[in-house]
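This is what each chain is made of:
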Amino acid sequence: MSGSQPKSSEGRLAEQHLGDRLSALVDGELGHDARERVLAHVATCAKCKTEVDAQRRLKNVFAEAAPPPPSESFLARLQGLPAGETSATAAPR
Ligand SMILES: [Zn+2]
């Protein structure tokens, strides 16, 4: 994914919108203090609250679209079974 968004120069406003911290919040990557500050901003900023909701929904979509982990038998085949013991089509007991 290309996540290059044009950023306005920082430091002009005392209170910035969340920007990158927004996804960090959704991913649970913020420290306690930063999280408190971000949540406080979201509580007072409808724009950022909408963004947080959208990001959370997006994250759920990705979670559901993620492929399931490989099965144990597949991993066992990758590691290589002892020769002569079994074959890929052997029925489990
Ligand atoms: Zn905001």
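Residues numbered from 1 in each chain as written. Predicted model: local features only at pLDDT ≥ 70, side-chain atom pairs only at ≥ 80, totals over all residues.

1. Notes on the overall build of the protein chain
Put simply, the test is: The numbering of helices and of strands both runs from the N terminus, where a helix is a DSSP run of H or I of at least 4 residues and a strand a run of E of at least 2. A residue is called partly exposed when the number of other C-beta atoms within 10 Å of its own lies between 12 and 20, exposed at 12 or fewer, and buried at 20 or more, with C-beta atoms placed from the backbone.
The secondary structure content of the protein chain amounts to four helices and zero strands. Listing each helix as α and each strand as β along the protein chain from the N terminus yields α-α-α-α. The buried share of the protein chain, taken over its 93 residues, is 2%.

2. Quick look at the UniProt feature "domain: Putative zinc-finger" (unreviewed entry) in the protein chain
What counts is decided by this rule: UniProt positions are given in the numbering used here, feature names are shortened, and annotations may be inferred rather than shown by experiment.
As annotated in UniProt, the feature "domain: Putative zinc-finger" (unreviewed entry) corresponds to residues 20–48 in the numbering used here. Taken end to end, residues 20–48 is 79% helix and 0% strand, and its first and last C-alpha atoms sit 11 Å apart.

3. Quick word on helix α2 (residues 32–44)
Filter applied, for reference: Each helix should span, by expectation, one fewer than its residue count multiplied by 1.5 Å.
The first and last C-alpha atoms of α2 sit 19 Å apart over 13 residues, in line with the 18 Å expected at 1.5 Å per residue. Counting buried residues along α2, only zero of its 13 residues qualify, which leaves the element largely exposed.

4. Observations regarding helix α4 (residues 72–79)
With zero of eight residues buried, α4 lies mostly on the surface of the structure. Remark: G80 follows α4 within two positions and exhibits a positive phi of approximately 90°.

5. Details of the confidence of the model for the protein chain
Which entries qualify depends on this criterion: Confidence scores here are pLDDT values: one per residue, from the predictor, ranging 0 to 100. Residues are treated as contacting if the C-beta atoms built from their backbones sit within 7 Å of each other.
Of the residues in the protein chain, 70% reach a pLDDT of 70 or more, and the chain-wide mean stands at 78. Confidence, expressed as mean pLDDT per element, reaches its minimum in the protein chain at α4 with 82 and its maximum at α2 with 94. Overall, residues 8–14 carries pLDDT values under 50, and its contacts beyond four positions in sequence, including any with other chains, amount to one contact.

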